[in-house]
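Residues per chain are reported as follows:
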Amino acid sequence: MTTLGKPETFKRDWVDGFVTAYGRTVRKVPDAYGVVRREPTRDGKVAVVIGGGCGHYPAFAGLVGPGLADGAVVGDVFTSPSAEQVYRTARAAESGGGVLFGYGNYQGDVLHFGLAARRLAAEGVDSRTILVTDDIASGPADRPERRRGVAGDFLVFKIAGAAAERGYDLDAVHAAAVKANARTRTFGVAFGGCTLPGAPEPLFTVGENEMELGLGIHGEPGVRTVSRLNATELADELVDGLLPELPTGDGRIVVLLNGLGRTKYEEMFVTYTRVHERLAAAGLSSLHTEVGEFVTSLDMAGVSLSVLVLDDELAELYAAPCDTPGYRSTGALLETVPLESTVDTVLADSAGAAGNGIVDRVLTAALASVESNEDELGRLDAVAADGDHGLGITRGMRAAVAAARAAERDGEPVSGALLAAGTALADAAGGASGALYGVLLAETGAGLAGLAAGEITAPVLADAVDGAARAFVELGKAEPGDKTMLDAIEPFRAVLRERAEAGSGVADAWRAAAERATEAARETADLLPAKGRAARLAQRSKGHADPGATSFALIVTAVGGVLAEKES
Ligand code: ADP
Ligand code: MG
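Per chain, residue numbering runs from 1 following the sequence as it is written. Each chain is given a letter, starting from A, and each ligand a number, starting from 1, according to the order in which they appear as written. At least 70 in pLDDT is required for a residue's local features to be given in this predicted model, at least 80 for side-chain atom pairs to be given and counted, and no such filter applies to totals for whole chains, interfaces and linings, which use all residues. Neither water nor hydrogens contribute to the side-chain values; these are computed over all heavy atoms in the structure.

Under the DSSP-based scheme used, a helix requires at least four consecutive residues in state H or I and a strand at least two consecutive residues in state E, with every element numbered from the N terminus. Counting secondary structure elements, the chain contains 18 helices and 14 strands. Compactness check: the chain gives a C-alpha radius of gyration of 31 Å against a globular reference of 24 Å for 568 residues, more than 25% above the reference. Residue burial in the chain is summarised as follows: out of 568 residues, 54% are buried. Taking as baseline every contact in the chain between residues at least 6 positions apart, the subset at least 24 positions apart corresponds to 73%. Areas reported here follow the Shrake-Rupley algorithm with a probe of radius 1.4 Å; residue values treat only the protein chains shown as occluding. Here the chain displays about 24,300 Å² of accessible surface, and carbon together with sulfur accounts for 52% of that area. The average position of the 53 basic charges and that of the 78 acidic charges among the side chains of the chain differ by 5 Å. We compute the radius of gyration from the C-alpha atoms alone; for a globule the expected value is 2.2 Å times N to the 0.38, where N is the number of residues. Think of it in three bands: with a 1.4 Å probe and only protein chains considered, a residue is buried below 20% of the maximum accessible area for its type, exposed above 50%, and partly exposed in between. Whether two residues are in contact is decided by their heavy atoms: any pair within 4.5 Å suffices. Neither His nor the chain ends contribute to the count of charged residues, in which Lys and Arg are positive and Asp and Glu negative. Charge placement uses NZ in Lys and CZ in Arg. For Asp and Glu, CG and CD serve respectively.

Following this line, the structure appears as structure tokens:
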């Protein structure tokens, strides 16, 4: 965050880029740090002018457009804009119906917007103000005027914008906004502080195993530190904090799970499931759910939960269409569909002790080996690629074991169990190696079709592995020397065949082949990758073994151990 913007010119630079990108909807106010709608609004319409410091995008400039705000004043990072900027922006936005100012309840904003309002009044322009006070952590319930405005800003501005668009007069727009604010509450949690542009350090830090409850949106730390929660506990904490504070209503609400700048949308969705269940259990049904970034705090890691308790009027206004750079709504009044039980892909739980089936036993041994080398495989993959190989192959192998175990319990022969394992591995592991290992297992199985375990001799196994290696190359198009798994597979295949032809038993032939594969995997350190992700940063990988070749060697070595036991 801090590296791209120069602190001295940050505000100017990002506003320039913003209007360049969204010129379809917004334009800059001449000689001011403010934006207004591109198209002039109809005469007599109330202008909703919002604002505050920057660092909160899409609040506030990103919320300007039809159906929402008419203008937004842009202050420096976390700093109120000056009265002069507020005045100029309001002047540019205003079209005869007066101005509703909206901002969070912060001293600087109150002073500067207040001054601007007085100046407008002197010129005959009427204005009202809505101070958003949704943050329950910032003041006691009986003193709402002490509370700050945080993510609830968005909800209140949405209502005000819709009311103004609908043709309400200034007092009525103000009344709707006041009602929305009185019915909005927010509670937030931070996992990491934010850093001002150009600053060497974050404004506050959160211990690795901690969370801050009740943070502000200007880098204010939370009011209470707790040890780190998982998604369910976090959702509970947020809902438990909010519920006692909610005004009574008829059960209809808008829910906003807001990211503060550095929290993944996917993580917010993980948390949302539980939030939804808990709110539903409390008799609250979300007519509109918003999950995403609405009021951020630079690059703060964290989320906040806001609830707006609806009535008929607010429900209609919230559902009205709008079109802004940061938020669009088509206005369809959709009831949120009831939560269906989520698809529970049966992820194999930790494998535990192997059953009696041979495929189960060899794959369980393989799993143990990749599991204990998971970090190392990840490190090797991170040298020139994305670092996920250890995770991926462990997850895939776990699924393969579960599938093979189930298949063998159902009486499947070796081929059927390997086929099931390959399919499960590819499904669970994903990635290049997931598909490729999946093919190796399944095609080895195909080569053993119709045979009972006792009928699998070394030559038969060598044929099956030949077939699997051919399918592998057909799929991945790797050539020897490309620094891939193939550079371990190919020597493995060759030695297995050689030994089988020389009359070795399965276990001996396999052990020799695995030893050769282990050497070959180590030797891949001298190669440059020509396939897969690592090919783009080939030079970096020099001196490090290929992760796929390394996991292959680990797997065949572990399998060899089981075969030797079995034979003796
Ligand atoms: P991804 O590259 O999708 O992140 P992994 O990290 O799990 O997948 O696996 C990386 C390994 O996959 C590489 O080290 C290499 O051995 C192997 N690999 C990738 N692409 C190919 C290919 N086209 N042919 C053979 N092996 C490949
Ligand atoms: Mg990878």
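The next point concerns the packing of aromatic side chains. For Phe, Tyr and Trp, where Trp contributes only its six-membered ring, two rings pair if their centres lie within 6.5 Å, and the inter-plane angle classes them as stacked under 30 degrees, edge-to-face over 60, or tilted in between. For the coordinates displayed, the defined rule picks out 12 aromatic pairs. Ring geometry for phenylalanine 154 against tyrosine 327: centres 4.9 Å apart, planes inclined by 75°, an arrangement best described as edge-to-face. Taken together, the residues span a long stretch of sequence, with phenylalanine 154 in helix 4 (residues 152-165) and tyrosine 327 in the loop between strand 13 (322-323) and strand 14 (328-329) at a distance of 173 residues. Exposure remark for tyrosine 327: the relative accessible area of 10% places this residue in the buried category. One aromatic cluster in this structure is built from Trp14, Phe18, Tyr22 and Tyr57. Placement of a charge over a ring requires the Lys NZ or Arg CZ to be within 6 Å of the ring centre, with the centre-to-atom vector within 35 degrees of the ring normal. Here lysine 11 stacks its cationic end above the ring of tyrosine 33, 3.9 Å away from the centre of that ring. Against the face of tyrosine 87 rests arginine 119, its NZ or CZ located 3.8 Å from the ring centre.

Here, strands pair whenever DSSP counts at least two bridges between them. Taken in spatial order, the 6 strands make up an open sheet running 9-8-7-12-10-11, and their pairing is mixed. Edge strands, defined here as strands with exactly one partner in the open sheet, are strand 9 (224-227) and strand 11 (285-292). Taking the axes of each pair of neighbouring strands and ignoring which way they run, one obtains an average angle of 20° across the sheet. Taken together, the 7 bridges between strand 10 (residues 252-259) and strand 12 (residues 301-309) define a ladder with antiparallel strand orientation. Looking at the pairing, glycine 259 lines up with valine 303 of strand 12. Those strands touched by helix 5 (residues 170-182) are strand 7 (184-192) and strand 12, and its axis lies near 55° from that of strand 7. All axes are obtained by fitting lines to C-alpha atoms, using only the stretch in contact for helices, and the reported angles, taken between N-to-C directions, cover 0 to 180 degrees.

This part takes up empty space enclosed by the protein. Space inside and on the surface of the protein is sampled on a 1 Å grid over the protein atoms alone, with a cavity defined as a set of points where a 1.4 Å probe fits but cannot get out and a pocket as an open set with protein on both sides within 12 Å along at least 5 of 7 lines; lining residues have an atom within 4 Å of a point. Grid points are joined across faces, edges and corners, and a volume is the space filled by probe spheres set on the points. As enumerated under the stated definition, the model contains 2 cavities of 30 Å³ or more in all. Empty space within the largest cavity amounts to approximately 60 Å³. Considering the residues around the largest cavity, the lining is formed by Asp135, Val150, Thr186, Phe187, Gly188, Leu215, Gly216, Ile217, Asn258, Leu260 and Ser304. Top element by residues in the lining of the largest cavity is strand 7. It accounts for 3 residues. When the residues that make up the lining of the largest cavity are grouped by side-chain class, the tally is 5 nonpolar, 5 polar and 1 charged. Put simply, the second largest cavity is a space of about 40 Å³. Nonpolar residues are Ala, Val, Leu, Ile, Met, Phe, Trp, Tyr, Cys and Pro. Charged residues are Asp, Glu, Lys and Arg, and all others, Gly as well, are polar.

A few words on the packing of helix 10 (residues 374-384) against helix 18 (residues 547-567). Their axes nearest at 9 Å, the elements helix 10 and helix 18 cross at an angle of 155°. What the angle tells us is that helix 10 and helix 18 run roughly antiparallel. When helix 10 is examined against helix 18, the residues Leu377, Leu380 and Asp381 are found in contact with a partner set consisting of Pro547, Thr550, Ser551 and Leu554. By residue class, the composition of the contact of helix 10 with helix 18 is 4 nonpolar, 2 polar and 1 charged. Oblique is the label for any angle not covered by the other classes, which are roughly parallel (under 35 degrees), roughly antiparallel (over 145) and roughly perpendicular (65 to 115).

To be near a molecule or strand, a residue needs just one of its heavy atoms within 4 Å of it. Taken together, 19 residues form the shell around ligand 1, and within it His389, Ala432, Ser433, Arg533 and Asp546 come nearest. Polar contacts, as counted here, are pairs of nitrogen or oxygen atoms within 3.5 Å of one another; within protein the pair requires one atom able to donate a hydrogen and one able to accept it, and residues that are adjacent in sequence qualify only if both atoms are side-chain atoms. Aspartate 386 has a polar side-chain atom sitting 3.0 Å from an oxygen atom of ligand 1. For ligand 1, an oxygen atom lies 2.8 Å from a polar atom in the backbone of alanine 432. If ligand 1 stood free it would expose 560 Å²; the protein chains cover 92% of that surface. Elements represented by at least two residues in the shell around ligand 1 include exactly helix 13 (431-447), helix 14 (458-476) and helix 18. With 4 residues, the top contributor of residues to the shell around ligand 1 is helix 13.

What follows covers the environment of arginine 119. In this fold, arginine 119 is placed in helix 3 (residues 107-122). Linking arginine 119 and glutamate 8, residues 111 residues apart in sequence, is a C-alpha distance of 29 Å. For arginine 119, the contacting residues outside a window of four places in its chain are Glu84 and Tyr87.

On to the side chain of aspartate 360. Position of aspartate 360 relative to the elements: it lies in helix 9 (residues 358-372). With residues up to four places along the chain from it excluded, the contact list for aspartate 360 reads Ala354, Gly355, Val401, Ala404, Arg405 and Glu408.

Time to look at the confidence of the model for the chain. With 96% of its residues at a pLDDT of 70 or more, the chain has an overall mean of 92. The pLDDT score gives, residue by residue, the confidence of the prediction method on a 0 to 100 scale. Across residues 333-350 the pLDDT falls below 50, and counting only partners more than four positions away or on other chains, this stretch makes 18 contacts in the model.

Our next topic: the coordination of the magnesium ion (ligand 2). Four donors placed tetrahedrally around a metal ideally meet at 109.5 degrees, and six donors placed octahedrally ideally meet at 90 or 180 degrees. Atoms are scored as donors when they are N, O or S and lie within 2.8 Å of the metal, with 3.2 Å used for Na, K and Ca; no water is included, so coordination may look incomplete. Asp381 (OD), Asp386 (OD) and Asp388 (OD) make up the full set of protein donors to the magnesium ion (ligand 2), lying at 2.1 to 2.2 Å. As a motif over one chain, the donors of the magnesium ion (ligand 2) read D-x4-D-x1-D. We classify aspartate 386 as partly exposed; its relative accessible area is 36%.

With 2 bridges connecting them, strand 7 and strand 8 (residues 210-213) associate as antiparallel partners. Of the residues in strand 8, the one forming a bridge with alanine 190 is glutamate 212. Inspection of the sheet shows strand 8 paired to strand 9 by 4 bridges, in the antiparallel sense. Looking across to strand 9, one finds that glutamate 212 is bridged to threonine 225.

Time to look at the pattern of salt bridges. Any carboxyl oxygen of Asp or Glu that lies within 4 Å of a side-chain nitrogen of Lys or Arg is treated as forming a salt bridge with it. A complete count under the given rule lists 42 salt bridges for this structure. Arginine 405 is the partner of aspartate 360 in a salt bridge, and the nearest nitrogen-oxygen pair spans 2.8 Å. Linking aspartate 360 in helix 9 with arginine 405 in helix 11 (residues 389-409), this pair joins segments that are 45 residues apart in sequence. Residue classification places arginine 405 among the buried residues on the basis of a relative accessible area of 13%. Between aspartate 508 and arginine 511 there is a salt bridge, with the nearest N and O atoms lying 2.7 Å from each other.

It is common to give the size of an interface as the accessible area that goes away when the parts come together. Domains assigned within the chain are domain 1 (7-329) and domain 2 (344-567). Where a domain begins and ends is set by an automatic assignment or by a domain database. Taking only C-alpha atoms, the centre of domain 1 and the centre of domain 2 are 53 Å apart.

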